[in-house]
Amino acid sequence: CFSGTWSSYKNLCCGIKVIYKIRLMMQINVAFCNRPSYDNPLGGDAIQMLKTKEWLEILYGIHISIITHPNELTVNFNIVHVFNFATYEITNGFVEKAHQLGIPIISSCIYWDYSYSIPPLHYFMGYPSHIGKFSVLFYRFLYKNVTAFLKRPRGVSREFKKYTQKFIDYSHFILPNSIEEGNLLLDFAGIKKADKIRVVYNGVELKDTQILPPELFFSKYKLPKDYILQVGRIEYLKNQLNLLYALREHINIPIVFIGQISDAKYGKRLHEIAQKRGNVFFLNKVPHDEIASFYHYAALHVLLSLRESPGLVSMEAAAQGCPIVISTSEYLPKKTYFSKAPYVVDPLDISVIEQVLLQAYQERKKFDLNIKDFSWSNVAAQTYDVYKEVMDKTY
């Protein structure tokens, strides 16, 4: 029996509604869908997925399951969250199954312009000493204007465009890591309406990490001091060749690569050039809790990538106080993440790369990453807001 005023009654009902929604959000089951090999090697999409899961569970108590096959999806899930449009055959299986079951779909597209990062055809016969701008632009023109009607190359093909349009259509919301990424995705798909776009930043590990003492670090890994570092898979789009080639005459500068080889021909060519140059060190894997020490002792971290969204290793390096050299805005969302970065270079212009690297190596200006925006707790908060929006519409 309620004897209060009408205003009190409305406030009570509002409070009950809020409590119900909070309890509903804490009880929801979310499926995080990714390719079966997401952790071998561990790429940017997998790191984004795993860290988002960790912080959503810590901060909001949401129950999240990692799903690697569409058959694992059931009506017990309230939201299906898919990661990475590039693996479109696998992603399509998740999207189709969720659509059949009537489960709301959230998509982290993890997209950028793939036309720069697809190896030119003649590279399959053997990689050159460096990646030339003319050949990349020439083949990019062919990819975008001729082979766009074929099933390959996969990143610019008619088939990929068709699936991208489908994923956008079936999704309640699309979560690019930047507005630049969202605009590129819609432009590629030929969609003008941006009503489904909700930007969710990529995050960076900000925990206080124990840095190995210098004596232990340098004796354990047998590295010289003042080295240039690049962390990431050994493959064409990461463009390690141009880093080596730009510094081919500066053999006094040590270069350290950390990452697994995912393109055997490219890796073989990189090792050949590195052996000829000398003072180059390769580490396949290092313990995750020791990566921060590599950033800490590096003179620079260099990522001349041909596609990043946004480049987690650059963010990690900056967060550890390591000066960074990154590619220009054609290749990554510079405005959102690195608008004030002091060392930015066209990754295909060898002479400019050499000039910028030598300048950065001497000056070593640090980039102040906006820690508040790019913390994983903020990524979780942005994702949670989207989940609430979905739940408000469907429950």
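Residues numbered from 1 in each chain as written. Predicted model: local features only at pLDDT ≥ 70, side-chain atom pairs only at ≥ 80, totals over all residues. Heavy atoms only, no water.

Novice: I keep staring at the overall build of the chain and nothing clicks. Help me out?
Specialist: Within the chain one finds 14 helices and eleven strands. Counting only C-alpha atoms and orienting by the principal axes, one finds that the chain spans roughly 85 × 55 × 35 Å. A separation of at least 24 residues holds for 74% of the contacts in the chain among residues at least 6 apart in sequence. When the accessible surface of the chain is totalled, it reaches about 18500 Å², and 55% of it is carbon and sulfur. Taking the 45 positively charged and 36 negatively charged side chains of the chain as two groups, their mean positions are separated by 4 Å. (Helix = DSSP H or I, 4+ residues; strand = E, 2+ residues; numbered from the N terminus. Contact = heavy atoms within 4.5 Å. Areas by Shrake-Rupley, 256 points an atom, 1.4 Å probe, with all protein chains shown as cover. Lys, Arg positive; Asp, Glu negative; His and termini not counted. Charge placed at Lys NZ, Arg CZ, Asp CG, Glu CD.)

Novice: What is the right way to read the nonpolar core from this model?
Specialist: Among the nonpolar cores identified, the biggest contains 37 residues, and Ile228, Tyr236, Leu243, Leu244, Val302, Val325 and Leu357 are the most heavily contacted of them. Elements with a contribution of two residues or more to this core: α8 (240-246), β7 (255-258), α9 (264-277), β9 (300-303) and α13 (350-363). Among the elements that line this core, the one with the most residues is α13, at six residues. For leucine 357, the residues in contact, after removing those within four places along its chain, are Leu243, Ala246, Leu247, Leu300, Val302 and Val325. In this structure, Tyr227, Val231, Val313 and Leu332 belong to the second largest nonpolar core, which totals 34 residues. (Core = buried A, V, L, I, M, F, W, Y, C linked by side-chain atoms within 4.5 Å. Buried < 20%, exposed > 50% of the residue type's maximum accessible area, 1.4 Å probe, protein only.)

Novice: How should I be thinking about the sheet that holds strand β8 (residues 280-283) in this particular structure?
Specialist: Strand pairing in a sheet is mediated by backbone hydrogen bonds. Such pairs are either parallel or antiparallel. Pairing in this open sheet of six strands is parallel, and the strands run β8-β7-β6-β9-β10-β11 from one edge to the other. Each of the sheet's edge strands pairs with one partner strand only, and the pair in question is β8 and β11 (344-345). Pairing of β9 with strand β10 (residues 324-327) involves three bridges; the strand directions are parallel. Note on β10: the bridge partner recorded for histidine 301 is isoleucine 324. Seen against the sheet, α9 touches β7 and β8 and runs at an angle of roughly 140° to β8. (Pairing = 2+ DSSP bridges. Axes fitted to C-alpha atoms, helices over the stretch in contact; angles between N-to-C directions.)

Novice: Teacher, can you tell me more about the packing of helix α3 (residues 88-101) against helix α5 (residues 158-170) here?
Specialist: Between two packed helices, both the angle of their axes relative to each other and the distance between the axes serve to describe the pair. It is the contact of α3 with α5, at a shortest axis distance of 11 Å, that shows an interaxial angle of 30°. Classified by the angle between their axes, α3 and α5 sit roughly parallel to one another. With respect to the hand of their crossing, α3 and α5 are arranged in left-handed fashion. Residues Tyr88, Thr91, Asn92, Val95, Glu96 and His99 of α3 form the contact with α5, whose own contacting residues are Glu159, Phe160, Tyr163, Lys166, Phe167 and Tyr170. Looking at the contact of α3 with α5 residue by residue, the classes come out as six nonpolar, three polar and three charged. (Parallel < 35°, antiparallel > 145°, perpendicular 65-115°, else oblique. Left-handed = near helix turned anticlockwise from the far one by under 90°. Nonpolar A, V, L, I, M, F, W, Y, C, P; charged D, E, K, R; others polar.)

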